[in-house]
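Take a look at the letters that make up each chain.
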Amino acid sequence: MSGDAAGIRSVGVVGCGLMGSGIAELCARSGLDTLVHDVDLPAVEAGRRRIERSLARAVARGKLTDAARETALASLAFTTDLADFADRDLAVEAVPEDEELKLGVLARLDEVMQRPESLLASNTSSLPVMKLAAATGRPGRVVGLHFFNPVPVLDLVELVPSLVTDETTWKRIRGFVSDVLGRHVIVSQDRAGFVVNSLLIPYILSAIRMFESGFAVAHDIDEGMVRGCAHPMGPLRLADHIGLDTTLAVAESLYAEFKEPLYAPPPLLCRMVQAGLLGRKTGRGFYSHPGTPASGDS
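Cut-offs applied
Residues numbered from 1 in each chain as written. Predicted model: local features only at pLDDT ≥ 70, side-chain atom pairs only at ≥ 80, totals over all residues. Heavy atoms only, no water. Helix = DSSP H or I, 4+ residues; strand = E, 2+ residues; numbered from the N terminus. Buried < 20%, exposed > 50% of the residue type's maximum accessible area, 1.4 Å probe, protein only. Contact = heavy atoms within 4.5 Å. Lys, Arg positive; Asp, Glu negative; His and termini not counted. Salt bridge = Lys/Arg side-chain N within 4 Å of Asp/Glu carboxyl O. Pairing = 2+ DSSP bridges. Axes fitted to C-alpha atoms, helices over the stretch in contact; angles between N-to-C directions.

### Let's talk about the environment of A239
Working step 1: Residue position: A239 is located in helix α10 (residues 235–242).
Working step 2: Its relative accessible area of 0% is what places A239 among the buried residues.
Working step 3: For A239 and L90, which are 149 residues apart along the polypeptide, the C-alpha to C-alpha distance reads 30 Å.
Working step 4: For A239, the contacting residues outside a window of four places in its chain are I204, L244, T247 and F286.

Written out as structure tokens, the structure is:
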């Protein structure tokens, strides 16, 4: 299915942080007219720089030609006004994992994007898609579209239909992600955490509890899983990579839905988030991350 066959030639991405900028870059590299929104000009410029740096790294590693980088950059535009999304075929919400924020963004997109064929998607990693879809007047045309960080590198996307996602929307989105974006699709039921985070978050929380109790130091916990289980990254370093705020938000969503103790956020994780120690994006979490952009550029 081509982009034309899917009827998706123009995409809007709301949020230009780590996930939003990655989604926007992927869309631009796939030849799509891509419009990126963030709340103000400093945030927009930070997002633009993030995408430019990522494209430059891809060229340096031989993953992208100079000509393809220029074409991708030419496919990108930026805005601080969601009203500019009126002509988009698809809008992907990629704001922080905050339920009220996501509900507000989707409701606003529903107001702006009046064309009957336009679709809405949320990059939520844990929130119920049905609840998000209900914030719009078109719940049948809303899906969960969960990418993984770093988006240009990791080829997995979780597709999550709600109870009322219509068949045409489902076919269009699945074909778009597989054939236009070139991503591997797995399908999850609409339950908190979906497939990946339902398995991953309890593992990370267990490692945090182990560290919090003094059972082992962070480096040894991580080295145990890297060298003993052939994981590419240990659980505490992975938490820093994901963002401790996102880890906490997903844990809270899982615990709210299932009330299982393994999903309960450890006190240390809560305190670190309260202290602004969020991992790589703030330069400090379970590890120090020197040279990481400040939190305003994350």
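### As for the side chain of D38
Working step 1: Along the chain, D38 falls in the loop between β2 (33–37) and α3 (41–60).
Working step 2: Salt bridges are absent for the buried D38, whose nearest opposite-charge side chain, R50, sits at 6.4 Å.
Working step 3: Filtering out sequence-adjacent residues up to four positions away, D38 remains in contact with G15, C16, G17, A43, V44, T79 and T80.

### A look at the sheet that holds strand β5 (residues 119–122)
Working step 1: Reading across the sheet, the eight strands line up as β3-β2-β1-β4-β5-β6-β7-β8 and stay open at both edges, with mixed pairing between neighbours. Each of the sheet's edge strands pairs with one partner strand only, and the pair in question is β3 (76–79) and β8 (184–187). Across the sheet, the mean angle separating the axes of adjacent strands is 25° when strand polarity is ignored.
Working step 2: Of the strand pairs in this sheet, strand β1 (residues 10–14) and β2 are connected by five bridges, and their pairing is parallel. In the strand pairing of β2, V14 is matched with H37.
Working step 3: Helix α7 (residues 167–180) contacts β1, β4 (90–93), β5, β6 (142–147), β7 (156–161) and β8 of the sheet and is inclined by roughly 175° relative to β7.

In short, shape yes, function no, at least from these values alone.
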